[in-house]
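Commentary on secondary and tertiary structure
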Amino acid sequence: MAHTLEIISKRSTFISVNKKGKIMHGKAFNIQFLEDQNLNNTIYVGFTATKKIGTAVKRNKAKRIMRELARKVIAKYGKINSYYVLIARTPIFEIPFHSQEMELKKLIA
């Protein structure tokens, strides 16, 4: 069942997910996860691509890849009342999209 995804926009939310949540490491990206019962049956997703990834063009491409992954995987398999923050890593450009989908399913399961 697909759920509605909301985008995390406040920096304070990113910081609280970083401090209180748990992190799962993958090859193409890392995921920070925090469950919160006060979210009214919604899944919140945030995306981060640091300057280590490369220029603005590469960072934007990494975010586009992660947004599409969130639409396909987290909307379908994510836990409601949760925050997910996807953090891009450099191999995100070399790993095929299908492999990234499978990796994300494994990480959030």
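For the structure given in this document, a descriptive report is provided here. In this text, all values refer to a predicted model and were calculated from it rather than measured experimentally.

Our next topic: the pairing of strand β2 (residues 22–25). The pairing of β2 with strand β3 (residues 29–35) spans four bridges and is classified as antiparallel. Within the sheet, the bridge partner assigned to histidine 25 lies in β3 and is asparagine 30. Counted along the chain from β2 to the antiparallel partner β3, the turn is three residues long.

Reading across the sheet, the five strands line up as β1-β4-β5-β3-β2 and stay open at both edges, with mixed pairing between neighbours. Across the chains shown, the open sheet's two edge strands, defined by having one partner strand only, are β1 (5–7) and β2. Across the sheet, the mean angle separating the axes of adjacent strands is 25° when strand polarity is ignored. Two strands pair when backbone bridges link them, and β3 and strand β5 (residues 82–88) are joined in this way by seven bridges, in the antiparallel orientation. Within β5, the residue paired with isoleucine 31 across the bridge is leucine 86. Those strands touched by helix α1 (residues 11–20) are β2, β3, β4 (43–48) and β5, and its axis lies near 90° from that of β3.

Procedures and definitions
Residues numbered from 1 in each chain as written. Predicted model: local features only at pLDDT ≥ 70, side-chain atom pairs only at ≥ 80, totals over all residues. Heavy atoms only, no water. Pairing = 2+ DSSP bridges. Helix = DSSP H or I, 4+ residues; strand = E, 2+ residues; numbered from the N terminus. Axes fitted to C-alpha atoms, helices over the stretch in contact; angles between N-to-C directions. Contact = heavy atoms within 4.5 Å.

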